[in-house]
Amino acid sequence: MELAPRSDPSRPELDALARAAVAGDLAAFERLYRATVARVHTLARRMAGEDADEATQEIYLAAWRKLASWRGEAGVATWLHRLALNALLDRVGRRGFPETGAEEHLGALAAAETHAGARIELEEAIAVLPEGARMVFVLHELEGHTHVEIAARVGISSGTSKSQLHRARLLLRAALGEGLNP
Amino acid sequence: MSVPDPWLERLSEYVDEDLAPSERAACEAHLAGCEPCRELLDDLRRVQREVRALPARPPARDLWPGIERGLTRVVPRSRWLLAFAAGVLVTLGALLAYRFLASRGTGSELVARAGEDYLLLLHEPAGFGNGLDQAQHAAIVARYGRWAADLGARCTGEELAPAGLELRPGAGAAVPIPDGPRVGGFFLLAVRDREEALALARTCPHLEQGGWIELRRIAHGDPQPNK
């Protein structure tokens, strides 16, 4: 999965910051952090919920330690994103992967619907999806992984991955209702 | 609908082009005659479009100060590691009950393992690191950290704060350790044998920084004085 970073600095700029950081330049690492944190934290919010801040800090601490293992074939933003995704999956894996509990979340989804702004509504609706459905949804819809990849990584069957994705989309559809832009 | 529509549960697979060609044709034939399924299909595609258009947002508070503080440590602390650090400071005897973790960072799980464990005590000459600013210090710590990280789960360690206390029998109050050579940190290595421990220790950046390393096998209750 090679999603291009959405943050502003170009790949050569980010890679140059990363090389400086490998040489021990803390200021360069801080600039790398500031250029990439929106995307990392957005992923962390979706995967780790209220633990997103702590998870993000752990990801950057791990990135500083492991940066020397970045070979430069992929851009550092892509490398960092992979590191973040794996760290977040490990974190979620430690909590276990729940398979049930959709219905009690419908109330929370309906509450999220009342907020103004379709974009915020959608973020909140994702945030309150049942965890199993949310993981599969994020991995498939936002990270571009196949059901086979998700099944292997998360430890569920490919069929479960498919049904969780469908469930997540149905819940989001129900939550967003009129908020969906045609 | 009087009977459950089986395609309602499979439209995500249609959206994602995950259906076999024959199933896809059957689904399309069904869609042509089923208004509810067509509506759901449109909504599923809208959800997908909307979600993929969501912008990335930074955290509500600045997380950098916490990260910067963390960078001055070699590896993340765990309860186990804190217990170990305390053991090093007071007495190596506290180690006897431990077997090293199979992987670093899991915190509490103790795993028996073939091979040996070695402690690398990082000795520093007097004045070691004097005159370094915070960034230079962090760069050196990071170099040590990368050396440890490259060894993966086999290596863990910590930097020790420069100030400390000495407790001597019968001396009464604990006194600050005097200026001069001291232990500045430690690594723990899980290795096959002493030769591997020695080979790895030779690559430790501490030597290039001007420090020296004391290599000690963890006895695990079996002292074997010659090893």
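Quick caveat, the model's predicted, so the values are computed rather than measured.

Per the secondary structure count, chain B includes 8 helices and 6 strands. Expressed as a percentage of the 227 residues in chain B, the buried residues total 39%. Pairs at least 24 apart in sequence give 70% of the contacts found in chain B among residues at least 6 apart. Surface accessibility of chain B: about 12,600 Å² in total, with carbon and sulfur atoms responsible for 55%.

It is worth spelling out the confidence of the model for chain A at this point. All names here are of chain A. Looking at chain A, pLDDT values average 81 and 79% of them are 70 or higher. Within chain A, helix α2 (residues 26–48) carries the highest mean pLDDT (93), whereas helix α5 (residues 105–113) carries the lowest (50). Across residues 1–7 the pLDDT falls below 50, and counting only partners more than four positions away or on other chains, this stretch makes 22 contacts in the model. Note on residues 100–104: pLDDT is under 50 here. Beyond four places in sequence and across chains, it has 6 contacts.

All names here are of chain A. Counting through the fold element by element, A63 comes out in helix α3 (residues 52–66). Between the C-alpha atoms of A63 and A84, which are 21 residues apart in sequence, the distance is 8.7 Å. If we ignore the near neighbours within four places in the chain, the residues touching A63 are F29, W79, L80 and L83.

Contacts between chain A and chain B engage 44 residues on the former and 44 residues on the latter. The contact between chain A and chain B buries some 4,300 Å² in all, and 61% of this surface belongs to carbon and sulfur atoms. Between A:R169 and B:D16 there is a salt bridge, with its nearest N and O atoms 2.8 Å apart. When contributions to the side of chain A that touches chain B are tallied by element, the ones reaching two or more residues are α1 (11–22), α2, α3, α6 (118–127), α7 (131–142) and α9 (158–176) of chain A. At 12 residues, α2(A) tops the list of elements feeding residues into the side of chain A that touches chain B. Looking at the side of chain A that touches chain B residue by residue, the classes come out as 21 nonpolar, 9 polar and 14 charged.

Residues and elements named next belong to chain B. The buried count for strand β2 (residues 155–159) comes to 4 of 5 residues, which makes it a mostly enclosed element. Judged from the 5 bridges that link them, β2 and strand β5 (residues 182–191) form a sheet pairing that is antiparallel. Along β5, the bridge assignment pairs E159 with G185.

What follows concerns the state of the cysteines. Residues and elements named next belong to chain B. One pass over the full model with this rule turns up 0 disulfides over all chains. Free of any disulfide, C27 has its nearest neighbouring cysteine sulfur in C37, separated by 7.2 Å. Judged by relative accessible area, C27 falls into the buried class, the value being 0%. Not part of a disulfide, C155 finds its nearest cysteine sulfur in C204, a span of 8.0 Å. The class of C155 is buried, set by a relative accessible area of 1%.

Moving on, we come to the confidence of the model for chain B. Residue and element names in this part refer to chain B. Confidence in the prediction of chain B, expressed as mean pLDDT, is 78, and 78% of residues score 70 or more. Looking across chain B, the model is least confident in helix α5 (residues 79–90), with a mean pLDDT of 47, and most confident in strand β6 (residues 212–217), with 94. In this model residues 74–87 is a low-confidence stretch, pLDDT under 50, and it forms 39 contacts with partners more than four residues away in sequence or in other chains. Note on residues 89–113: pLDDT under 50 across the span, and 48 contacts to partners over four residues away in sequence or across chains. Among the prediction metrics, the complex's ipTM stands at 0.80, with pTM recorded as 0.58.

This part takes up the nonpolar core. Membership of the largest hydrophobic core comes to 65 residues, with the highest contact counts inside it found for A:F29, A:L172 and B:I67. Here this core takes 12 residues from α2(A), the largest share from any one element. Other than its neighbours up to four places away in sequence, A:F29 contacts A:A21, A:Y60, A:A63, A:W64, A:L67, B:W64, B:I67 and B:L71. Listed in part, the 16 residues of the second largest apolar core include B:L120, B:C155, B:F187 and B:I213.

This brings us to the pattern of salt bridges. One pass over the full model with this rule turns up 25 salt bridges over all chains. Among the salt bridges present, the one from A:E131 reaches A:R134, with a minimum N-O distance of 3.6 Å. A residue pair is termed a helical-turn pair when its members lie 3 or 4 positions apart in one helix, as A:E131 and A:R134 do in helix α7 at 3 residues. You'll find A:E131 and A:R134 in the same group, each marked buried. A salt bridge links B:E196 to B:R192, with the shortest nitrogen-to-oxygen separation between them at 3.6 Å. A relative accessible area of 59% places B:R192 in the exposed class. A single salt-bridge network, built from bridges that share partners, covers A:D51, A:E54, A:E58 and A:R91.

Residues and elements named next belong to chain B. Taken in spatial order, the 4 strands of this open sheet run β2-β5-β1-β6, and their pairing is antiparallel. At either margin of the open sheet sits one strand with a lone partner, and together these are β2 and β6. Geometrically, the sheet is characterised by an average inter-axis angle of 20 degrees between neighbouring strands, direction not taken into account. The pairing of strand β1 (residues 116–124) with β6 spans 6 bridges and is antiparallel. Bridge pairing in β6 links Y118 to R217. Each of β1, β5 and β6 touches helix α7 (residues 194–202); the most contacted strand, β5, lies at about 130 degrees to it.

Procedures and definitions
- Here the residue numbering is sequential within each chain, running from 1 through the sequence in written order.
- A letter from A marks each chain and a number from 1 marks each ligand, given out in the order of writing.
- Predicted model: local features are reported for residues with pLDDT of at least 70 only, side-chain atom pairs are reported and counted for 80 or more only, and whole-chain, interface and lining totals are derived from all residues.
- Only hydrogens and water are set aside when side-chain values are computed; all heavy atoms of the structure are taken into account.
- Runs of H or I in DSSP of at least four residues are treated as helices and runs of E of at least two as strands, each being numbered from the N terminus.
- Categorising residues by exposure relies on relative accessible area from a 1.4 Å probe, with only protein chains included: less than 20% of the type maximum marks a residue as buried, more than 50% marks it as exposed, and the intermediate range marks it as partly exposed.
- Any two residues whose heavy atoms approach within 4.5 Å at even a single point are treated as in contact.
- Surface exposure here means Shrake-Rupley accessible area, sampled with a 1.4 Å probe, where a residue is shielded only by the protein chains that are shown.
- Looking at any residue, its pLDDT shows the predictor's confidence there, from 0 to 100.
- The term buried area means the drop in 1.4 Å probe accessible area that two parts suffer when joined, counted for both and summed.
- Throughout this description, the term salt bridge denotes a Lys or Arg side-chain nitrogen within 4 Å of a carboxyl oxygen of Asp or Glu.
- For this scheme, ten residues count as nonpolar: Ala, Val, Leu, Ile, Met, Phe, Trp, Tyr, Cys and Pro. Four count as charged, namely Asp, Glu, Lys and Arg, and the remainder, Gly too, count as polar.
- Note on pairing: DSSP must find at least two bridges between two strands before they are called paired.
- Two cysteine sulfurs form a disulfide in these notes if their separation is within 2.5 Å.
- In these notes, a set of buried Ala, Val, Leu, Ile, Met, Phe, Trp, Tyr and Cys residues joined through side-chain atoms within 4.5 Å is what counts as a nonpolar core.
- Note on definitions: angles span 0 to 180 degrees between N-to-C directions of axes, and those axes are lines fitted to C-alpha atoms, for helices only across the stretch in contact.

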